[in-house]
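Examining the three-dimensional arrangement
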Amino acid sequence: MSTPLESRCQLLRSLHRPGDPLLLPNAWDVATARAVVAAGFPVVATTSGGVAATLGYADHEGAPGDEMLAAAARIARGVAVPVTVDAEAGYGMEPAELVAALRSMGAAGCNLEDSDYAAGSLRDPDRHAEWLGAVRQAASDDGYPLVINARIDVFLHPFLAGVGPETQDELVPEALRRAKAYREAGVDCVFPIVLWERSALRAFISDAGGPVNVVRLPSAPSLAELAELGVARVSWGILLHGDAMRRFEEQLASLRD
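Residues numbered from 1 in each chain as written. Predicted model: local features only at pLDDT ≥ 70, side-chain atom pairs only at ≥ 80, totals over all residues. Heavy atoms only, no water.

1. With respect to the overall build of the chain
Secondary structure assignment for the chain yields 11 helices and 10 strands. Projecting the C-alpha coordinates of the chain onto the three principal axes gives extents of approximately 55 × 50 × 35 Å. Residues classed as buried in the chain amount to 52% of the 257 residues present. Accessible surface computed for the chain: about 11400 Å², of which carbon and sulfur atoms make up 54%. (Helix = DSSP H or I, 4+ residues; strand = E, 2+ residues; numbered from the N terminus. Buried < 20%, exposed > 50% of the residue type's maximum accessible area, 1.4 Å probe, protein only. Areas by Shrake-Rupley, 256 points an atom, 1.4 Å probe, with all protein chains shown as cover.)

So, in structure tokens, the structure goes:
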């Protein structure tokens, strides 16, 4: 018989259906995770940006890994549905150490990014694929069917810098090179974050070789269009946290005035 954690992993994996995407409004604490569940969503995903802000740190591994993982563990303990943890770039942990931490908290899945924040660049895709393969192997050796979502940051760095190419189509070949390497390493889903242009999305999804996660930017296609394109998973990242904070600031300004 499957353990409860194995069952949660299996459920999370089964919900990655191209054309019928799993919707993941990202939570940043136990209260927001419970709100996600109460609204009827079958899975909770954490947002590293929201969790880091709650802890008083910047996103992109600005927070100590042990504090981030402790916060994620509280979320996983606080709900009775599968939880997939935004583990950023792994916090410098060895694969077996990271897998043990995720298993101990009861995480059904995780996001792992290919950014090197210390260097301010992308990791070498072949070396990152080796690292992802080691994460998969460590989980398999432990009988832990962890669902790994490999985030591809090819589109993110130009987006944040505001100096991207004329169209995202130009970056698709490099994103696909990484997607294929990560898929071969054993990940379950690939996540080209901030890829939102329709033609580039269509080209990436058609050749990614497995489930694709898209972040629901305001400029992205509608959920119906994303489903039609074959997206298997849609997440909101830090966007809901940002909306909540803006609403809070508006209320504070109203009270002050």
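2. A short note on the packing of aromatic side chains
Considering all chains together, one arrives at 0 aromatic pairs under this definition. Against the face of Trp-131 rests Arg-123, its NZ or CZ located 5.5 Å from the ring centre. (Phe/Tyr/Trp six-rings, centres within 6.5 Å; stacked < 30°, edge-to-face > 60°. Lys NZ or Arg CZ within 6 Å of the ring centre and 35° of its normal.)

3. Some remarks on the sheet that holds strand β2 (residues 44–45)
Read from one edge to the other, the open sheet built from 5 strands follows the order β2-β3-β4-β7-β8, with strand pairing classed as parallel. The sheet is open, and its two borders are formed by β2 and β8 (189–192), each paired with just one other strand. (Pairing = 2+ DSSP bridges.)

4. Brief notes about the nonpolar core
Within the largest apolar cluster, 83 residues are counted, with the highest numbers of intra-cluster contacts made by Val-44, Leu-102, Leu-112, Leu-132, Tyr-144 and Phe-204. Each residue touching Val-44, except ones within four places of it in the same chain, is listed here: Ala-27, Ala-33, Val-36, Val-37, Ile-75, Val-79, Val-81, Pro-82, Val-83 and Thr-84. (Core = buried A, V, L, I, M, F, W, Y, C linked by side-chain atoms within 4.5 Å. Contact = heavy atoms within 4.5 Å.)

5. Observations concerning the pairing of β8
The alternating pattern of β8 places Cys-189 and Phe-191 on one face and Val-190 and Pro-192 on the opposite face, and all of these are buried. Here 4 bridges tie strand β7 (residues 147–152) to β8, and the two strands are oriented parallel to one another. Paired with Arg-151 across the strands is Phe-191, a residue of β8.

6. Quick look at the state of the cysteines
On inspection of all chains with the given rule, the structure shows 0 disulfides. Distance from the sulfur of Cys-9, which forms no disulfide, to the nearest cysteine sulfur (Cys-110) is 9.8 Å. Looking at Cys-9, the relative accessible area reads 0%, which means it is buried. (Disulfide = S-S within 2.5 Å.)

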